[in-house]
Amino acid sequence: MTTDPAEAPLADRIAACRLCADGFAASPTAHAPRPVVWFRPGARILIAGQAPGARVHASGRPFNDPSGDRLRAWTGLDADTFYDRDRVALVPMAFCYPGTAARGGDLPPPPACAANWRAAVLQQIGTPRLVLALGAAAIGWHIGPVPVARAVADWRDHLARGIFPLPHPSWRNTAWIAANPWFTDQTLPALR
């Protein structure tokens, strides 16, 4: 008996997605898609990241890297709570590792992923109590076209809609965090 793929559960359809396969194969990393899907309907917190990194691509577990360690420290969530899909949905703007650019650094999340899947995922999750929008792509989707630093500085303005903008917890933002001590002194305590 064959089953129509369009009738499969949403998470299964995303896990089987190969929408960006040709682009990934042509990238400097020449890798195959491996969507990392981590959500269930009814989660109370939605963490909207950018895209999995190379370590997450290898492990299949979101934020299973130093960025995840930093994010868990920022939120005060222990690993058991963080990875409890009934409580926390980890939904990046792209479910697959986009690869590494020729000059280094990860490529941005392919927009086709969010265009194809995001609305259906958000509808299935429902209305979480809190959305953590991490980085430019997630802030752009959930808040609009505003620079990351401004969105993070104005976090109180977005909290009324249940959105808490944050810089991505990547090591690449360590200098920004050090240059903006208000983030550690005021924003993170409010987040916790």
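Throughout what follows, the structure given in this document is the object of discussion.

Rules behind the numbers
Residues numbered from 1 in each chain as written. Predicted model: local features only at pLDDT ≥ 70, side-chain atom pairs only at ≥ 80, totals over all residues. Heavy atoms only, no water. 1 Å grid on protein atoms, 1.4 Å probe; cavity = no way out; pocket = protein on both sides within 12 Å on 5 of 7 lines; lining within 4 Å. Points joined across faces, edges and corners; volume = space filled by probe spheres on them. Helix = DSSP H or I, 4+ residues; strand = E, 2+ residues; numbered from the N terminus. Nonpolar A, V, L, I, M, F, W, Y, C, P; charged D, E, K, R; others polar. Core = buried A, V, L, I, M, F, W, Y, C linked by side-chain atoms within 4.5 Å. Buried < 20%, exposed > 50% of the residue type's maximum accessible area, 1.4 Å probe, protein only. Contact = heavy atoms within 4.5 Å. Disulfide = S-S within 2.5 Å. Phe/Tyr/Trp six-rings, centres within 6.5 Å; stacked < 30°, edge-to-face > 60°. Arc of directions from axis to C-beta. Salt bridge = Lys/Arg side-chain N within 4 Å of Asp/Glu carboxyl O. Pairing = 2+ DSSP bridges. Axes fitted to C-alpha atoms, helices over the stretch in contact; angles between N-to-C directions.

1. Here's the deal with the layout of surface pockets
Reasoning step 1: In this structure, the largest pocket occupies an estimated 810 Å³ of space.
Reasoning step 2: Around the largest pocket, the lining comprises 36 residues; the ones closest to its centre are A51, S67, D106, H168 and S170.
Reasoning step 3: Residue assignment for the lining of the largest pocket shows that the elements contributing at least two residues are helix 3 (54-59), helix 4 (66-75), helix 7 (135-142) and helix 8 (148-153).
Reasoning step 4: Along the lines of polarity and charge, the residues of the lining of the largest pocket split into 23 nonpolar, nine polar and four charged.

2. With respect to the nonpolar core
Reasoning step 1: If you look at the biggest cluster of nonpolar residues, it comprises 25 residues, and the most contacted ones within it are I14, F39, V91, F95, V121 and I125.
Reasoning step 2: Every element with two or more residues in this core is listed here: helix 1 (10-15), strand 1 (45-48), helix 6 (111-125), strand 3 (130-134) and helix 7.
Reasoning step 3: In terms of residues, this core owes the most to one element, helix 6, which gives five residues.
Reasoning step 4: Apart from residues lying up to four places away in sequence, F95 is in contact with I14, R34, P35, V36, V37, P52, C113, W117 and V121.

3. Thoughts on unusual backbone geometry
Reasoning step 1: One non-glycine residue, A30, adopts positive backbone phi at about 45 degrees.
Reasoning step 2: Positionally, A30 belongs in the loop between helix 2 (21-25) and strand 1.

4. Things to note about the state of the cysteines
Reasoning step 1: Following the criterion strictly, the structure yields zero disulfides and no others.
Reasoning step 2: In this structure C17 is not part of a disulfide, and its nearest cysteine sulfur, from C113, lies 6.3 Å away.
Reasoning step 3: Unpaired in this structure, C96 has its nearest cysteine sulfur neighbour in C113, at a distance of 6.4 Å.

5. A short note on the packing of aromatic side chains
Reasoning step 1: Under the defined criterion, the tally for this structure stands at eight aromatic pairs.
Reasoning step 2: Arranged with centres 6.1 Å apart and planes meeting at 85 degrees, the rings of F63 and F82 form a pair that is edge-to-face. You can see F63 sitting in the loop between helix 3 and helix 4 and its partner F82 sitting in helix 5 (residues 79-82), a full 19 residues away along the chain. Across the pair, exposure class does not vary: F63 and F82 are buried alike.
Reasoning step 3: Ring geometry for W155 against F164: centres 4.9 Å apart, planes inclined by 15 degrees, an arrangement best described as stacked.

6. Description of helix 7
Reasoning step 1: For helix 7, every residue scored as buried is listed here: G135, A138, I139 and H142. Projected down its long axis, helix 7 carries its buried residues within an arc of 100 degrees, all on one side.
Reasoning step 2: In this structure, the buried side of helix 7 is in contact with strand 1, helix 6, strand 3, helix 8 and strand 4 (163-166).
Reasoning step 3: Count one or two residues on from helix 7 and you reach G144, which has phi positive near 130 degrees.

7. What to know about the pattern of salt bridges
Reasoning step 1: As enumerated under the stated definition, the model contains three salt bridges in all.
Reasoning step 2: We note a salt bridge from D86 to R40, for which the minimum N-O separation is 3.5 Å. Pair noted here: D86 is in the loop between helix 5 and strand 2 (88-90) and R40 is in the loop between helix 2 and strand 1, with a separation of 46 residues, a long-range link.
Reasoning step 3: Judged by relative accessible area, D86 falls into the partly exposed class, the value being 45%.

8. So, the side chain of H158
Reasoning step 1: Within the fold, H158 resides in helix 9 (residues 155-159).
Reasoning step 2: We classify H158 as buried; its relative accessible area is 12%.
Reasoning step 3: In this structure, H158 is in contact with I143, A151, I163 and P165, ignoring residues within four places of it in sequence.

9. Some words on the sheet that holds strand 4
Working definition: the strands of a sheet are paired by backbone hydrogen bonds and lie parallel or antiparallel to each other.
Reasoning step 1: The four strands lie next to each other as 2-1-3-4, forming an open sheet whose pairing is parallel. Each of the sheet's edge strands pairs with one partner strand only, and the pair in question is strand 2 and strand 4. When strand polarity is set aside, the average angle formed by the axes of neighbouring strands in this sheet is 15 degrees.
Reasoning step 2: Direction of pairing for strand 3 relative to strand 4: parallel, over a ladder of four bridges. Each residue of the ladder has a partner; that of A133, found in strand 4, is P165.
Reasoning step 3: Its contacts with the sheet put helix 7 on strand 1, strand 3 and strand 4, and the angle it makes with strand 3 is roughly 135 degrees.

Everything listed here is a matter of geometry and, on its own, says nothing about what the molecule does.
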